[in-house]
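Summary of the model geometry
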Amino acid sequence: MASLDALQTFARSCLHRSGGPEALQGKIELVLEELLVNVFNYAYPRDCPGQVTLCCRCEADRLAFIIKDRGAAFDPLERATADTSLDIEQRPIGGLGIHLVRNMADSIVYERRDGFNVLTVTFSLSQ
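The rules behind each value
- Residues numbered from 1 in each chain as written.
- Predicted model: local features only at pLDDT ≥ 70, side-chain atom pairs only at ≥ 80, totals over all residues.
- Heavy atoms only, no water.
- Pairing = 2+ DSSP bridges.
- Helix = DSSP H or I, 4+ residues; strand = E, 2+ residues; numbered from the N terminus.
- Salt bridge = Lys/Arg side-chain N within 4 Å of Asp/Glu carboxyl O.
- Buried < 20%, exposed > 50% of the residue type's maximum accessible area, 1.4 Å probe, protein only.
- pLDDT = per-residue confidence, 0-100.
- Axes fitted to C-alpha atoms, helices over the stretch in contact; angles between N-to-C directions.

Here's the deal with the pairing of strand β1 (residues 52-58)
Here 7 bridges tie β1 to strand β2 (residues 62-69), and the two strands are oriented antiparallel to one another. Bridged to Leu54 within β2 is Ile67. Between β1 and β2, which follow one another and run antiparallel, lie 3 residues.

Set out below in structure tokens:
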């Protein structure tokens, strides 16, 4: 969790190098924080430290962040879409984070590759 400050610095640097609009910064940071906190909390057993790698790829009109971990296989996209029409008391716990990610990122793709969870989140640079 201590690496969240470094995450924000990294995300800002990637956005700046890409020439993307500053207005996208908060969205990117929120999405990455949500996804990484889930990895920190659930990918590895509590008594086993694990690693997470975050990479950035800049293409002509989009910025892609790749989150990679060797934790338990988990595809967040398989979660049912959160029913936001229900009152808060009626909603099951969980699912709102991935709902937020689905609505803020332009695309999100999960793969289980060579024993790794690989999640690619893409943001359009043309707003």
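The discussion continues.
Describing the pattern of salt bridges
Here the structure, examined in full by the defined rule, presents 4 salt bridges. A salt bridge links Glu59 to Arg57; the shortest N-O distance between them is 2.9 Å. The partly exposed category is assigned to Glu59, whose relative accessible area is 26%. The class of Arg57 is partly exposed, set by a relative accessible area of 40%. In this structure, Glu59 and Arg62 form a salt bridge, with 2.7 Å as the shortest nitrogen-oxygen distance.

Notes on the confidence of the model for the chain
On average, residues of the chain score 85 in pLDDT, and 83% of them reach the 70 mark or higher. Averaged pLDDT values for the elements of the chain fall to 83 in helix α3 (residues 96-104) and rise to 97 in strand β4 (residues 116-124).

Considering unusual backbone geometry
Despite not being glycine, Asp114 has its phi angle at roughly 55°, a positive value. Among the secondary structure elements, Asp114 is positioned in the loop between β3 (107-113) and β4. What makes Asp114 exposed here is its relative accessible area of 69%.

Here's the deal with the sheet that holds β2
Strand order in this open sheet of 4 strands is β1-β2-β4-β3, and the pairing throughout is antiparallel. Since the sheet does not close on itself, it has two edges, and those belong to β1 and β3, each with one partner. On average, each strand axis in the sheet is tilted by 15° relative to the strand beside it, whichever way the strands run. With 8 bridges connecting them, β2 and β4 associate as antiparallel partners. Bridge assignment links Asp69 to a residue of β4, and that residue is Asn117.

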